[in-house]
Amino acid sequence: MVYLILLVGLAIGVPVAFAIVAALLYFMAVGEFPYQLAAVATQMFSGINSFALLAIPLFILAGELMNESGITMRIIAFSKILVGRLRGGLAHVNIWASVIFAGLSGSAVADTSALGRVFIPEMEKEGYPRDFAAALTAASSVIGPIIPPSIPVIIYALIVTGVSVPALFLAGIVPGLLLAIFLSGYVMIFAGKYQKQPTALPSGEKRKILLEGVIPLFMPVFVVGSILLGIVTPTEAAAFAVAYALFVGMVVFRKIHVRDLPSIFTRTMVDTAVIMIIIAAVAAANWLLTFNRVPNMLTDLTIAYITSQWTFLLAVIVLFLVAGLFLEGIAAMLVLVPILHPIAVGMGVDPVHFGIIVIFNLMIGLITPPMGLCLFVADSVANVGLARLSRRILPLFLVELLVLLIITFVPGIVTGLPRLLGY
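The following paragraphs examine the structure supplied in this document.

Here is what the cut-offs are and how they apply
Residues numbered from 1 in each chain as written. Predicted model: local features only at pLDDT ≥ 70, side-chain atom pairs only at ≥ 80, totals over all residues. Heavy atoms only, no water. Helix = DSSP H or I, 4+ residues; strand = E, 2+ residues; numbered from the N terminus. Buried < 20%, exposed > 50% of the residue type's maximum accessible area, 1.4 Å probe, protein only. Contact = heavy atoms within 4.5 Å. Axes fitted to C-alpha atoms, helices over the stretch in contact; angles between N-to-C directions. Parallel < 35°, antiparallel > 145°, perpendicular 65-115°, else oblique. Left-handed = near helix turned anticlockwise from the far one by under 90°. Nonpolar A, V, L, I, M, F, W, Y, C, P; charged D, E, K, R; others polar. Phe/Tyr/Trp six-rings, centres within 6.5 Å; stacked < 30°, edge-to-face > 60°. Salt bridge = Lys/Arg side-chain N within 4 Å of Asp/Glu carboxyl O. Patch = residues over 30% accessible without salt bridge, like charges linked within 9 Å, V, L, I, M, F, W, Y side chains within 5 Å. Areas by Shrake-Rupley, 256 points an atom, 1.4 Å probe, with all protein chains shown as cover.

### Considering the overall build of the chain
No. 1: What the chain contains, in helices and strands, is 21 helices and 0 strands.
No. 2: Per-residue burial over the chain gives 52% buried out of 423 residues.
No. 3: A sequence separation of at least 24 residues applies to 79% of the contacts in the chain between residues at least 6 apart.

### Details of the packing of helix α5 (residues 55-68) against helix α13 (residues 234-252)
No. 1: Across the interface, α5 lies against α13 with an axial gap of 8 Å and an inter-helix angle of 20 degrees. On the basis of their axis angle, the class for α5 and α13 is roughly parallel. Crossing handedness for the pair α5 and α13: left-handed. Of α13, the residues touching α5 (which contributes Ala55, Leu58, Phe59, Leu61, Ala62, Leu65 and Met66) are Pro234, Thr235, Ala238, Ala239, Ala241, Val242, Ala245 and Leu246.
No. 2: Broken down by class, the residue content of the contact of α5 with α13 amounts to 14 nonpolar, 1 polar and no charged.

### Comments concerning the packing of aromatic side chains
No. 1: Scanning the model with the defined rule gives 7 aromatic pairs in all.
No. 2: Among the aromatic side chains, those forming a connected cluster through ring pairs are Phe222, Phe240 and Tyr244.

### Some thoughts on the pattern of salt bridges
No. 1: By the definition in use, this model includes 6 salt bridges.
No. 2: Glu124 serves as the salt-bridge partner of Arg130, at 2.7 Å between the closest nitrogen and oxygen.
No. 3: We classify Arg130 as partly exposed; its relative accessible area is 21%.
No. 4: A salt bridge links Arg419 to Asp350; the nearest nitrogen and oxygen atoms lie 3.1 Å apart. Note that Arg419 is positioned in helix α21 (residues 412-420) and Asp350 in the loop between α17 (329-346) and α18 (351-364), a separation of 69 residues in sequence.
No. 5: The class for Asp350 is partly exposed, based on a relative accessible area of 24%.
No. 6: In the salt-bridge network here, residues are joined through shared partners; they are Glu64, Glu68 and Arg267.

### Some thoughts on a nonpolar patch on the surface
No. 1: On the surface, a cluster of nonpolar side chains totalling about 420 Å² of accessible area is made up of Val214, Phe218, Val221, Phe222 and Phe240.
No. 2: With 4 residues, the single largest contributor to the nonpolar patch is helix α12 (residues 203-228).
No. 3: Note on Val221: relative accessible area 53%, which makes it exposed.

Take a look at the structure:
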């Protein structure tokens, strides 16, 4: 009954958090109403009553500040020098700019929005079809939440499973780079014909562009490095990221002024509120599921019928790909992972490996219709229509699915770096 109410709510367009709360009415109906209502409210508050959760608004704020500080064009110029002269150069720049941007925002939607405004019209001028430019921008933005720092990783580690944040940060680096390499390979083979010969830059201008491009890169280095060295917690590292972003925006590049801060803070609060209300609602729903021993029953059922690790992982991939068609990634993670994570551990799957599989899987859902947020954002810039955009993104989706299968069945790609560094 709970899931029926939830699915009906989602089907008629009720926001995820409120659909979950509506589903909890079932639990309220089976006992004394005031007591159950108070219990649900208590569980919702407990779900967000965590100091560690401060990392979420702080990382969102850091991303907003870095976006506002004019670094987008600098990252693009920096990437052009690195890969712009390859076959299909501007498409490669799009992909590798997303890799660099990933270390600043940790959000695929922010990546699509910031880079799409520049790349989609610019790639069209260089001879690329507009719908391909939009599809590539959306597909490459999936890299954002995989390479650290990453908001989904923080939520997965601190709220859902308790897996080590540094280990997950390290585990995401190689899969994120692998995805960029595979997308670049696709561009080299199938899309290089569109690219015009880029104009050579004077050496003095190149040095200036490289210097300005390196400055933003220090933020993820400092943030991730300080966490790995045990100097700060993820929450403290997020506060450092905000301070660094403010310094770069107001002192180094001088693109942010005091009058800009209220609008930046407002956008941060809105984005944070969306995530927090989902976390609160899912905390109450998970309490309900645990109370009714649903995770235990599903664990026993799965272990009874799925005896192979690989069969289980394939089933998880299919489940999350389907969930990604209808649910936003963080919401799907919060609902499904508390059930699936104990099963994975019970079957001997490395928790860090499983975490990256889940996060990678759900980020692919951002480019799959009908609910792919990155598709909507890319189309809002390109105005080519979701039907055309969906057709264009299909081969890029298959490339990303191939990378997902590789990291799933070759665990060392994910776990090698964390183990090398002792995590």
